[in-house]
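# A closer look at the structure
Residue strings, one per chain:
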Amino acid sequence: MKTINLSTIRDKVKDIVQEANFELQDDVMDVIKKMEDQEKSPAGKAVFDLIKQNAQIAKDEKLGLCQDTGLAVFFVELGEDVRFNRDDGLESLRDAFTQGTIQGYEEGYLRKSVVADPIRRENTSDNTPVFIHWELDKGDHFKVQFVAKGGGAENMSQVRMFAPAAGKEGIEDFVVETIEQGGSNPCPPTVVGVGLGGNFEYSALLAKKALLRKPLGSHNPDKFYADMEKRLLEKINNLGIGPQGMGGRITSLAVHVEAFPCHIASMPAAVNVQCHSHRVLSFEL
Ligand code: SF4
């Protein structure tokens with residue numbers, strides 16, 4: 001049995017929402033540099049150079065990598081043998097995530113990007129509510145993955161329900177078509193998360209989870225899906241959209257596919273698009 005103070009989680013959350021927004025992690029920078037070498041178009045190369053300059057300034061001056069500092073999305077792996085100590089006025093685990101996010105976004109001068117209602121659009125002014133996806137498991141581990149999810153890339157994401165007869169060809173066409181329709185809107189070069197199987201809502205969650213895979217550009221351990229990832233990246237990068245839609249070879253940095261069992265009559269598929277400002281960070285306690 002492990003006991004964790006809620007204030008420890010709040011403080012960790014406060015730190016990672018800032019660090020993720022200020023600094024692209026090494027695995028992301030490595031892929032950016034690798035893909036820059038493969039880019040042939042002068043405009044595309046110039047965009048890569050600006051992305052690197054922007055990342056350096058954000059890191060040095062502790063500024064948001066982008067003006068859209070995103071919804072605060074957390075994936076939490078929680079062992080059943082973990083207990084939480086309510087301290088420092090925190091009432092629940094969710095409260096720890098909420099307060100950490102509020103404090104981190106305020107302290108880091110990060111934009112508050114949440115409206116309280118989708119139609120009436122009044123800003124909640126503290127970037128909450130946060131979005132938390134819980135995964136319960138045995139043991140006493142506690143792992144948190146954070147992604148700052150900007151609106152431009154999220155808006156270009158799609159879910160579609162296929163009949164099984166669509167096969168892998170139908171799925172791959174859907175993924176490529178989604179990226180083609182997005183054009184320059186999701187601020188390419190993008191990261192593409194693909195969720196296959198599950199059901200309607202679970203495929204979308206899988207697609208988002210796929211974005212979190214570390215290191216960026218690593219492949220699914222199942223060769224079938226690793227090959228699909230390689231084929232999809234090649235097809236997407238043949239579209240010619242290029243960095244920031246300026247034309248060029250590199251439209252996406254990586255494609256990650258995650259799959260899950262599903263109903264015999266269904267083949268759900270989701271594509272969650274992430275921009276080059278791929279702000280993902282995790283911690284474990
Ligand atoms: S899509 Fe990404 S890079 Fe583009 S504005 Fe949104 S957060 Fe910023």
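What comes next is a walk through the structure. As a convention, each chain's residues are numbered from 1 in the sequence order in which they are written. Two thresholds apply to this predicted model, a pLDDT of at least 70 for residue-level local features and 80 or more for giving and counting side-chain atom pairs, whereas whole-chain, interface and lining totals are computed over all residues. To get the side-chain values, all heavy atoms of the structure are used, and hydrogens and water are removed first.

What follows is about helix α2 (residues 26-38). Numbering goes from the N terminus for both helices and strands, where a helix is a DSSP run of H or I of at least four residues and a strand is a run of E of at least two. A helix is expected to reach a length of 1.5 Å times the quantity of its residues less one. For α2, spanning 13 residues, the distance from its first C-alpha to its last is 19 Å, which sits close to the expected 18 Å at 1.5 Å a residue. Accessibility here uses a 1.4 Å probe with only protein chains present; expressed as a share of the type maximum, an area under 20% marks a residue as buried, one over 50% as exposed, and anything in between as partly exposed. Buried residues of α2: D27, V28, M29, V31, I32, M35 and E36, and no others. Here, two residues are considered to be in contact whenever any of their heavy atoms come within 4.5 Å of each other. Buried positions along α2 lie against α3 (42-61), α8 (223-237) and β8 (252-262).

Here the focus is the site of the ligand. Nearness is defined per residue: one heavy atom within 4 Å of the molecule or strand is enough. The full set of residues close to the ligand is C66, Q67, D68, G150, G152, A153, P186, C187, C275 and R279. Here a cavity means grid points, on a 1 Å grid over the protein atoms only, where a 1.4 Å probe fits yet cannot get out; a pocket means an open set of points with protein on both sides within 12 Å along at least five of seven lines; lining residues are those with an atom within 4 Å of a point. For a molecule to be placed in a cavity or pocket, more than half of its atoms must lie within 2 Å of the grid points of that cavity or pocket. Using a 2 Å cut-off from the grid points, one finds that the ligand occupies the largest pocket. Of the residues in the shell around the ligand, the class split is five nonpolar, three polar and two charged. The nonpolar class holds Ala, Val, Leu, Ile, Met, Phe, Trp, Tyr, Cys and Pro. Asp, Glu, Lys and Arg form the charged class, and all remaining residues, Gly among them, are polar.

Residue types Ala, Val, Leu, Ile, Met, Phe, Trp, Tyr and Cys, when buried and joined through side-chain atoms within 4.5 Å, form a set referred to as a nonpolar core. Membership of the largest hydrophobic core comes to 40 residues, with the highest contact counts inside it found for I32, V175, V192, L196, V255 and V257. In this view, L196 contacts I171, L206, Y225, M228, V257, E258, A259, F260, P268 and A269; residues no more than four positions away in its chain are not counted. In terms of nonpolar packing, the next biggest core, distinct from the first, is built from 27 residues, L78, L90, L93 and Y105 among them.

For the rest of this paragraph, the subject is the pattern of salt bridges. Only one rule defines a salt bridge in this text: a Lys or Arg side-chain nitrogen within 4 Å of an Asp or Glu carboxyl oxygen. In the structure shown here, the tally under the stated rule is 20 salt bridges. Note that R120 is salt-bridged to D117, the shortest N-O span being 2.9 Å. Among the charged side chains, a network of salt bridges with common partners joins R10, D11 and D88.

Now for unusual backbone geometry. Leave glycine aside and you will find that most residues have negative phi; peptide bonds, for their part, are mostly trans. At the junction of T128 and P129, the peptide bond is cis and its omega measures out at 5 degrees in the coordinates. Mapped onto the fold, P129 is located in the loop between α4 (93-107) and β4 (131-137). Here the phi dihedral of R121 falls at roughly 60 degrees; this positive angle occurs in a residue that is not glycine. Counting through the fold element by element, R121 comes out in the loop between α4 and β4. Positive phi outside glycine occurs at N127, with the angle close to 60 degrees. Taking relative accessible area as the criterion, N127 reaches 0% and is therefore assigned buried.

Here we take up a negative patch on the surface. A contiguous patch of negative charge, built from E80, D81, D137 and D140, is present on the exposed surface. Mapped onto the elements of the fold, D140 is located in the loop between β4 and β5 (142-149). Overall, D140 belongs to the partly exposed group, its relative accessible area being 35%. Patch rule: a residue counts if its relative accessible area is over 30% and it has no salt bridge; like charges are joined within 9 Å, and nonpolar side chains (Val, Leu, Ile, Met, Phe, Trp, Tyr) within 5 Å. Values of accessible area rely on a 1.4 Å probe in the Shrake-Rupley scheme; residue burial ignores everything except the protein chains shown. Only four residue types enter the tally: Lys and Arg on the positive side, Asp and Glu on the negative side; His and the chain ends are excluded. Just so you know, the charge point we use is NZ for Lys, CZ for Arg, CG for Asp and CD for Glu.

One can find Q145 in strand β5. By relative accessible area, Q145 is classed as buried at 13%. Residue contacts for Q145: discarding those within four places in its chain leaves V73, F74, F75, E77, L212, L281 and S282.

Right, let's get into α4. Over its 15 residues, α4 extends 21 Å from the first C-alpha to the last, a length consistent with the 21 Å expected when each residue adds 1.5 Å. Looking at α4, one finds that the buried residues are L93, D95, A96, F97, T98, G100, T101, G104 and Y105. The inward-facing, buried residues of α4 abut α1 (6-22), β2 (71-79), β3 (82-85), β4 and β5. Immediately downstream of α4, the backbone of Y109 shows phi near 55 degrees, a positive value.

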